[in-house]
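Descriptive structure summary
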Amino acid sequence: MSRIAATFERLRAGRRAALVPFVTAGDPTPAHTIAMLRALVANGADVVELGVPFSDPMADGPTIQRASERALRAGTGLAMILDAVKQYRREDDRTPIVLMGYANPVEHMGIASFASRAKDSGVDGVLIVDYPPEESGAWVQALAGAGIDPIFLLAPTSSEARIDLVSRMAKGYIYYVSLKGVTGSAHIDTADVERMLARIRARTAVPVGVGFGIRDPQTARAIARFADAVVIGSRIVEEIERAEPDQAAARAGALLAEFRAGIDAAVGDRAAA
Amino acid sequence: MQMRVPVAEPRSPETYDLPDATGHFGPYGGTFVGETLQAALQELREAYDACRKDVAFQDELAYELEHYVGRPSPVYHAKRLSDDLGGAQIYLKREDLNHTGAHKVNNTMGQALVARRMGKPRVIAETGAGQHGVATATVAARYGMECVVYMGTEDVARQAQNVYRMKLLGATVIPVSSGSRTLKDALNEAMRDWVTNVANTFYIIGTVAGPHPYPMMVRDFNSVVGKECLVQMPALAGRQPDYVLACVGGGSNAMGIFYPYIPHAGVKLVGVEAGGLGIATGKHAATLSAGTPGVLHGNRTYLMQDADGQILETHSISAGLDYPGVGPEHAWLKDCGRASYVSVTDDEALAAFHALCRTEGIIPALESSHAVAHAMKMAPALGRDRILLVNLSGRGDKDMHTVAKASGIVF
Ligand SMILES: Cc1ncc(COP(=O)(O)O)c(C=O)c1O
């Protein structure tokens, strides 16, 4: 069983939602990436989403854009990120790592070569923001050959037909973007998200995570009542931005621990629900 | 002159019908954007499809193009320039004579009418030099729509006059300070606005790039240029040209004049890219000549990129050609050989700019000067009975400052 499937199975048995922090690899510098992974996992991350920085992050808001710019200025590249994951895998063979980024760096490496290198590094899933299912035939095949899960997005505007399209291709989990807009936008409406999640669940058995706009432990707790995973992105990246580079991992970890407490408190809510 | 386009055009055996239903030109094009935009693109595709088939829409567009934009634009035989060069005859398609001074308004007028049909009261645009921003602000004023234009802070500083023009027309100009602070970053920011405000907002993209249906829709609206030439050339020169030349930034003026000529196998199509300081220096924007395929701004096409697949900053003396991508249909036309792509340097474009000013009394845009420069290179080697048709995509009023500076003149 893949690390992602095993993680969701274990959490489901404990009636818990996965806590999934997102950070940009190489932010503030590539030398900090391993320490960041350690701090996130030590403070309760069930899965880590590692952003691959891109010069033109069209789907991201200012916070993650700036993180990409910091990482790129510090010389971060895709091959370097795969090496960091490989190195981290020597000490942690359990926590799933999902890469999240844009198509061009991956296509430039070549999708076949990327898939085999990602497999060799111990990457578990990949989400390419600008690969919608209709452009993903060859991509999904390449990942399947390497045993890596293709993660796809769904949005408030996704039709039933698109939910089905994504369900047919997605493995690991589906990432429901809880807002119209880019990453880091304003607060979300939990009732809306719950309604949409019910629509999605009616059409797929793949676990569904929720992200975009979750900025405090209370919201995380509310979402954890009905989602399989809660993704915390811009809020953690902000913390990294504010910290001295050598303090960034510790501060991100401390913040994540607060979200962990919020999500753990939802275990009772779920049991009661 | 009678401007009805003949129904039965001479066609080559292969009928060209790209893009396919999913917006692909061979391996290029497509809809490479996140899920959040897919519903909006679907809505746009349906609305545009309905407009295409709607006679009332086509009539309204034709009326606006004639009475507001000033179409048809003439074709002019640049006889003194041709005589000076001593070879092929150079003809100019005078898009510089349009309202707002360039071909850009053909597209913004079309998209504004689509936006109105869709009931969207707010339009947004990205702009580099400011020409597309001005053309968008113009039609927004014409129809009483709210208009927001995104522009890199580098360009806001370089193109202060166009920023002022947009403001005069009632638009809000938002400076973009992310990334390289130029056109590509303005496009990223406009996309972000669109994702966030999609319910009331129409995104008017300024060139044949972006996700499907934009490359097709922008081409269609600009193809009025080539359709007019198909009628004008036989009337003026007795036949169709041997070569059609156009500058290529994103590629909208080039697709506009190329597209109706694609089935005319005897007409060679030549796109002219910005060679900047020379391809070898790396400081250029000659994407098709020196780039490699990748994915940016919603489509697969040729790109200027580094060894890690990050998008490179480009250089051209003409801000309108300073873009690291190119429309996907050009990528396809290059690969299948139907069009060829060359580049000319900043200096060559400047020389052509001055030559056209002095021999013909026409001040061309620096973008268009690239196409003129290549025609001037080709003409002497060809016989006097050969015909080169150049799309003079815009006028050079906006470039006074840049040209003066290049000549060491300070106002
Ligand atoms: C006069 C003129 N020509 C050409 C261009 C380049 O755009 P495209 O390649 O889309 O025609 C511009 C862009 O600003 C322009 O203003």
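Counting restarts for each chain, with residues numbered from 1 along the sequence as it is written. Think of it this way: whatever chain is written first is A, whatever ligand is written first is 1, and the rest follow in order. Reporting of local features is limited, given that this is a predicted model, to residues whose pLDDT is at least 70; pairs of side-chain atoms are given and counted only at 80 or more, and all residues count toward the totals for whole chains, interfaces and linings. As a convention, hydrogens and water are excluded, and side-chain values are obtained from all of the structure's heavy atoms.

Bringing the sheet that holds strand E8 (residues 201-203) of chain B into the picture now. Residues and elements named next belong to chain B. Two strands form a pair only when DSSP identifies at least two bridges running between them. Secondary structure elements follow DSSP: runs of H or I no shorter than four residues count as helices, runs of E no shorter than two count as strands, and numbering proceeds from the N terminus. Strand order in the open sheet formed by four strands is E7-E6-E5-E8, with parallel pairing between adjacent strands. Only two strands of the sheet have a single neighbouring strand rather than two, namely strand E7 (172-176) and E8. On average, each strand axis in the sheet is tilted by 25° relative to the strand beside it, whichever way the strands run. Both strand E6 (residues 146-152) and E7 contribute to a ladder of five bridges, which runs parallel. Pairing of Val149 across the sheet is with Val173, part of E7. For helices, the fitted axis covers only the stretch in contact; all axes are lines through C-alpha atoms, and the angles between them, taken along N-to-C directions, range from 0 to 180 degrees.

What follows covers the site of the ligand. Residue and element names in this part refer to chain B. The near set for a molecule or strand comprises every residue that places at least one heavy atom within 4 Å of it. Near the ligand, the surroundings consist of 18 residues, among which Thr207, Gly249, Gly251, Ser252 and Ser393 are the closest. Distance and chemistry together define a polar contact, namely a pair of N or O atoms within 3.5 Å, with one atom able to donate a hydrogen and the other to accept it when in protein, and with adjacent residues in sequence counting only for side-chain atoms on both sides. In this structure, His103 approaches the ligand through a side-chain N or O atom, which is 3.0 Å from an oxygen atom. In this structure, Asn253 approaches the ligand through a side-chain N or O atom, which is 2.8 Å from an oxygen atom. Working definition of accessibility: Shrake-Rupley area with a 1.4 Å probe, residue cover restricted to the visible protein chains. If the ligand stood free it would expose 390 Å²; the protein chains cover 97% of that surface. Cavities and pockets were defined on a 1 Å grid built from protein atoms only: a cavity is a group of points that admits a 1.4 Å probe but offers it no way out, a pocket is an open group of points flanked by protein on both sides within 12 Å along at least five of seven lines, and a lining residue is one with an atom within 4 Å of any such point. Cavities and pockets are treated as containing a molecule whenever more than half of the molecule's atoms lie within 2 Å of their grid points. With respect to the detected pockets, the ligand is housed in the largest cavity.

Bringing the pairing of strand E3 (residues 97-101) of chain A into the picture now. All names here are of chain A. Think of it in three bands: with a 1.4 Å probe and only protein chains considered, a residue is buried below 20% of the maximum accessible area for its type, exposed above 50%, and partly exposed in between. With five of its five residues buried, E3 lies for the most part within the structure. Because side chains alternate across E3, one face comprises the buried residues Ile97, Leu99 and Gly101, and the other comprises Val98 and Met100, equally buried. Of the pairings in the sheet, the one linking E3 to strand E4 (residues 125-128) comprises four bridges and is parallel in character. Residue pairing in the sheet places Leu99 in a bridge with Val126 of E4.

Should pLDDT be low for a region, the predicted coordinates there are not to be read in detail. All names here are of chain B. The pLDDT value expresses, per residue, how confident the predictor is, ranging between 0 and 100. Overall, the prediction assigns chain B a mean pLDDT of 95, with 97% of residues at 70 or greater. Taken together, the stretch residues 1-13 has pLDDT below 50 and engages in 16 contacts with residues farther than four places along the chain or on a different chain. Interface predicted TM-score (ipTM) for the complex: 0.95; the corresponding pTM is 0.96. Any two residues whose heavy atoms approach within 4.5 Å are treated as being in contact.

So, about the sheet that holds strand E10 (residues 268-276) of chain B. In a beta sheet, neighbouring strands pair by backbone hydrogen bonds and run either parallel or antiparallel. Residue and element names in this part refer to chain B. Strand order in the open sheet formed by six strands is E3-E4-E14-E9-E10-E13, and the pairing between neighbours is mixed. The open sheet is flanked by strand E3 (75-77) and strand E13 (339-345), the only strands paired with a single partner. Taking the axes of each pair of neighbouring strands and ignoring which way they run, one obtains an average angle of 25° across the sheet. Direction of pairing for strand E4 (residues 89-94) relative to strand E14 (residues 387-392): parallel, over a ladder of six bridges. Paired with Ile90 across the strands is Leu388, a residue of E14. Taken strand by strand, helix H15 (residues 366-378) contacts E4, strand E9 (243-247), E10, E13 and E14, and its axis lies near 145° from that of E9.

Another point: the side chain of B:His24. With respect to the secondary-structure elements, B:His24 resides in strand E1 (residues 24-25). Given a relative accessible area of 13%, B:His24 falls into the buried group. Within the local environment of B:His24, its side chain forms a polar contact with the side chain of A:Glu135, the two groups lying 2.9 Å apart. Within the structure, B:His24 has its side chain in polar contact with the side chain of B:Thr22 (distance 2.8 Å). Contact partners of B:His24, with chain neighbours within four places excluded, come to A:Glu135, B:Leu18, B:Pro19, B:Gly29 and B:Gly30.

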